[in-house]
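# Fold and contact review
Given next are the chains, with one letter for each unit.
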Amino acid sequence: MQRCLGRLVIIGMAVSGLLGVCNHSARAGGAPPNEQDSPEGNLAIVVNTSNPVDTLSLPELRKVFLGERSHWPNGRRITLVMMEPGQPERRALIREVCQMNESDFSRHFLHGVFTGEVFVSPKTLASPVGVRKFVFNVPGAIGYVRASEVDSSVKVIRVDGRLPADKEYGLRIGPPAAH
Amino acid sequence: MLLAVLVSTRLVQAQSSGETGTDRPTVQMLLQRIDQLEARVARLEAAKQTDSPTPTPATAEKPRMPSSQDEAGSQAETESEQQAGTGSEPERMDVSKTLLRIRGFGDINLHGDNQKGDTTSFTLGQLNLFVTSDISDKFKFLGEIVFEGGPDNIYGQTRGDNNVFSVDVERMVLQYSRNDYFNVSVGRYHTAIGYYNTAYHHSTWFQTATGRPFLFQFEDRGGILPVHSVGVSASGMVPSGGLGLHYVAEVGNGRASRSPFYEEPVQNVVDDQNHKAFNLALFARPEAVRGLQAGFSIYRDVLAPNKSPRIGETILAAHAVYIRPNFEWLNEAMVIRHAPEGLSHVFQTPGFYTQISRRFGAYRPYFRYQYVNSSANEPIFPDVGRRQGPSVGIRYDASESVALKLQYDYTSIRNQQAISALALQLGFTF
């Protein structure tokens, strides 16, 4: 009986541990904490593999993510893919690329749609898997995921000539903002 | 570790079968509990595997290879296919599903001034339903349906009754987006004269101040510009590198010019003459100074009032604005020229405004100075005269969607008593 109880306690601890791991994964987007400072914790800008664009400067990228450019050079319409508010990847993109905060970013797009200058609002997806799926399937799509989440279904573009693994790469996700 | 735990739990079950009869109910209960926990562990392990970063394209279990994407027609080309790309319901024209998106804007005011006959009043401002619909990959509908109380004020003449609401279709546009360099809008739009007119439209919530500068007042609120046009507007970028040049070219009905002027200034359905109004705007958004926009526009029309010579109308406008999230500085100047045929005299109405504001957290104090000077003999809007003065106010963003503004205006008017006014406005979007 006592042994049985002992096993039960062990199983309980295992379940708790597993739940903890899953919860942490959900919070951190699947990245271990030490990824924040590693190249794998950088923000990778991803496009469809058929997109001829390989590199963008940061100002060009800003124009794209602010809706100021609506078409790729090959004529395809740009479809922005954003992750949901509160995700560290989204915060990093808005901070590093758009140089805004969440509120200003939302207002910018609302204003752009209101004036008619922004043709289509960004698509909002919940997970890196969703972003990859969308970018994989839509030739004009551009999105972002943590560098460790990149796979062969999407193409990573250079920002200012650098890839996420490069030392001087500028788009870092950084620590989550305190709430 | 989990495997070890599971194996050991099976051993526990095996050992438990040999327990004495007195503990059997308890053992049975514990075994049931163990089974439940095992099932839970299995579910969590399965969920963890699902969360792994294996590519999961929507249409197949295995990721499609890049080579397959290059095949013609294999990828999503339209909005509907994009929706399918995420595994959600395809967005296409479907009678059972609306494609409309509606965003609302509104404002409620408390206003008082020292003008004789005016009373301090609570005022319902405009209720603006902003409607958009992505019709297809290239076409989009955009509209503003505005409910507002009367009466109207058109060139100083009032029309309609107090406290009676009416509905105006302020914008109704079908947009076609070819590329960054060529977009076409057809319908009723805001004329691209200067900056303010196409930046804020009918939402007070977007505007820092409680209202538009006098130069850009709407036609039915005493404004002097052809703020709205019905026609065709083309716009886009001009290849210019870091200069960021943009153009707007418009052809429309122009403002109504038959007498009486105060009936309806915007020619929504019928133009009172064959001649069309033209407008050309050019502006730059240089990469080097983010937030800066500078440009000019030229508007040309011919007005044909009854029992008087035709009047050539030319509106020259220039602007330089600098807008960042925490700071804005708007500057616009223009001249409205009315040249009656057969007369050597040209009536020129110059005007300008400057507005500056700075955000401190949720607060944004602002200052505006505006000026317009129209001749007493001006043939189109003789009521305007010369009016000028400062406005000072503060905007408080109570939330991301609600703004409270307090504004004081001092306006001196030629041959009239100066007006001091105080307004409190609650502007919101929903």
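Quick caveat, the model's predicted, so the values are computed rather than measured. (Residues numbered from 1 in each chain as written. Chains lettered and ligands numbered in written order. Predicted model: local features only at pLDDT ≥ 70, side-chain atom pairs only at ≥ 80, totals over all residues. Heavy atoms only, no water.)

## Quick word on the overall build of chain A
Going by this rule: Under the DSSP-based scheme used, a helix requires at least four consecutive residues in state H or I and a strand at least two consecutive residues in state E, with every element numbered from the N terminus. Whether a residue is buried, partly exposed or exposed follows from its accessible area with a 1.4 Å probe, protein chains only, as a fraction of its type maximum: under 20%, in between, or over 50%, in that order. We call two residues in contact whenever any of their non-hydrogen atoms come within 4.5 Å of each other. To be clear on the numbers: accessible area is Shrake-Rupley with a 1.4 Å probe, and residue cover counts the displayed protein chains and nothing else.
Each helix and strand counted, chain A has 5 helices and 7 strands in total. Ordered by position in the sequence, the α and β elements of chain A form the string α-β-β-α-β-α-α-β-α-β-β-β. Here chain A holds 179 residues, and 55% of them are scored as buried. Taking as baseline every contact in chain A between residues at least 6 positions apart, the subset at least 24 positions apart corresponds to 72%. Total accessible area computed for chain A in this model is approximately 7300 Å², and 55% of it derives from carbon and sulfur atoms.

## A word on unusual backbone geometry
Excluding glycine, a negative phi dihedral is what most residues carry, and trans is how most peptide bonds are arranged. Residues and elements named next belong to chain B. Even without being a glycine, N163 presents a positive backbone phi close to 65 degrees. Even without a glycine there, the phi angle at H201 is positive, about 50 degrees. Its place among the elements puts H201 in the loop between helix 5 (196-200) and strand 8 (228-238).

## Observations regarding the packing of helix 2 (residues 58-65) of chain A against helix 3 (residues 88-97) of chain A
Residue and element names in this part refer to chain A. Short version of the rule: To obtain an axis, a line is fitted to C-alpha atoms, over the contacting stretch when the element is a helix, and the angle between two such axes runs from 0 to 180 degrees between their N-to-C directions. An angle below 35 degrees is read as roughly parallel, one above 145 as roughly antiparallel, one from 65 to 115 as roughly perpendicular, and any other as oblique. Working rule for handedness: look at the near helix, and if it is turned counterclockwise from the far one by less than a right angle, call the crossing left-handed; if clockwise, right-handed. In the scheme used here, Gly and all other residues not listed as nonpolar or charged are polar, with Ala, Val, Leu, Ile, Met, Phe, Trp, Tyr, Cys and Pro taken as nonpolar and Asp, Glu, Lys and Arg as charged.
Interhelical geometry of helix 2 versus helix 3 gives an angle of 120 degrees and a closest axis separation of 10 Å. In terms of orientation, helix 2 lies oblique with respect to helix 3. Two packed elements cross with a definite hand, and for helix 2 against helix 3 that hand is left-handed. Two secondary-structure elements touch here, helix 2 through L58, L61, R62 and F65 and helix 3 through L93, E96 and V97. A class-by-class count of the residues in the contact of helix 2 with helix 3 yields 5 nonpolar, no polar and 2 charged.

## Some remarks on the sheet that holds strand 1 (residues 43-47) of chain A
Residue and element names in this part refer to chain A. What counts here: Two strands qualify as a pair provided DSSP detects at least 2 bridges between them.
Taken in spatial order, the 5 strands make up an open sheet running 4-3-5-1-6, and their pairing is mixed. Every interior strand has two partners, whereas the edge strands, strand 4 (123-125) and strand 6 (155-156), have only one. Most of the contacts of helix 2 go to strand 5 (residues 141-146), to which it runs at about 110 degrees, and overall it touches strand 1, strand 3 (79-83) and strand 5.

## Describing the pattern of salt bridges
Rules: The term salt bridge refers to a side-chain nitrogen of Lys or Arg lying within 4 Å of a carboxyl oxygen of Asp or Glu.
Evaluated as defined, the whole model comprises 20 salt bridges over all chains. For A:D104, the salt bridge identified is with B:R359, shortest N-O distance 3.1 Å. Placement of A:D104 in helix 4 (residues 102-115) and of B:R359 in the loop between strand 14 (347-358) and strand 15 (363-373) is noted, with the two residues assigned to different chains.

## With respect to the confidence of the model for chain B
Residue and element names in this part refer to chain B. Using the following cut-off: Every residue carries a pLDDT, the predictor's confidence in it, which falls somewhere between 0 and 100.
The pLDDT averaged across chain B works out to 82; a share of 78% of its residues lies at or above 70. Looking across chain B, the model is least confident in helix 3 (residues 66-69), with a mean pLDDT of 34, and most confident in strand 15, with 97. Low pLDDT, under 50, characterises residues 1-22; the predicted model gives this stretch 29 contacts beyond four residues in sequence or across chains. Ignoring residues within four places in sequence, the model shows residues 86-92, a span with pLDDT below 50, making 18 contacts including any to other chains. Here the predicted complex carries an ipTM of 0.72, next to a pTM of 0.75.

## What about the packing of aromatic side chains?
All names here are of chain B. Quick note on the threshold: Aromatic pairs are defined between Phe, Tyr and Trp rings, using the six-membered ring for Trp, whenever the two ring centres lie within 6.5 Å; interplanar angles under 30 degrees are classed as stacked, those over 60 as edge-to-face, and all others as tilted.
Tallied over the entire structure, the rule returns 19 aromatic pairs over all chains. A ring pair is formed by F105 and W205, whose centres lie 6.3 Å apart and whose planes are at 35 degrees; its orientation type is tilted. Placement of the pair is F105 in strand 1 (residues 101-113) and W205 in the loop between helix 5 and strand 8, with a sequence separation of 100 residues. Taking the centre distance of 6.3 Å and the plane angle of 80 degrees together, the rings of Y195 and Y200 count as edge-to-face.

## Describing the environment of B:T354
Residues and elements named next belong to chain B. Filter applied, for reference: Polar contact is the term for a pair of N or O atoms within 3.5 Å; when the atoms are in protein, one must be able to donate a hydrogen and the other to accept it, and sequence-neighboring residues count only if both atoms are side-chain atoms.
Mapped onto the secondary structure, T354 falls in strand 14. Spatially, the C-alpha atom of T354 lies 25 Å from that of L110, the residues being 244 residues apart in sequence. Excluding anything up to four places from it in sequence, T354 contacts W329, L330, N331, F367, R368 and Y369. Engagement of the side chain of T354 in a polar contact is seen with the backbone oxygen of L330, the distance being 3.5 Å.

## A look at the pairing of strand 15 of chain B
Residue and element names in this part refer to chain B. Of the two faces of strand 15, only the one carrying R364, Y366, R368, Q370 and V372 is buried; Y363, P365, F367, Y369, Y371 and N373 on the other face are not. Sheet analysis places strand 14 next to strand 15, joined by 7 bridges and oriented antiparallel. Paired with T354 across the strands is Y369, a residue of strand 15. Between strand 14 and strand 15, which follow one another and run antiparallel, lie 4 residues, and G361 among them has a positive phi close to 65 degrees.

## Examining helix 3 of chain A
Because each turn of an α-helix spans 3.6 residues, side chains separated by three or four positions in sequence point in the same direction. Residue and element names in this part refer to chain A. The element helix 3 is largely enclosed, with a buried count of 8 among its 10 residues. Of the positions making up helix 3, those classed as buried are P88, E89, R90, R91, A92, L93, I94 and V97. Structurally, helix 3 contributes buried residues whose contacts are with strand 1, helix 2, strand 3, helix 4, helix 5 (128-137) and strand 5. Immediately beyond the C-terminal end of helix 3, within one or two residues, lies Q99, with a positive phi of roughly 55 degrees.

## Overview of the side chain of B:R171
Relative to the helices and strands, B:R171 resides in strand 6 (residues 165-179). In this structure B:R171 comes out as buried when scored by relative accessible area, which is 4%. Side-chain polar atoms of B:R171 contact the backbone oxygen of A:F114, separated by 2.7 Å. In this structure the side chain of B:R171 is engaged in a polar contact, spanning 3.4 Å, whose partner is the side chain of B:H201. Those residues within four positions of B:R171 in sequence are excluded, and the remaining contacts are A:F114, A:T115, B:F130, B:L142, B:G143, B:E144, B:R188, B:Y189, B:H190 and B:H201.

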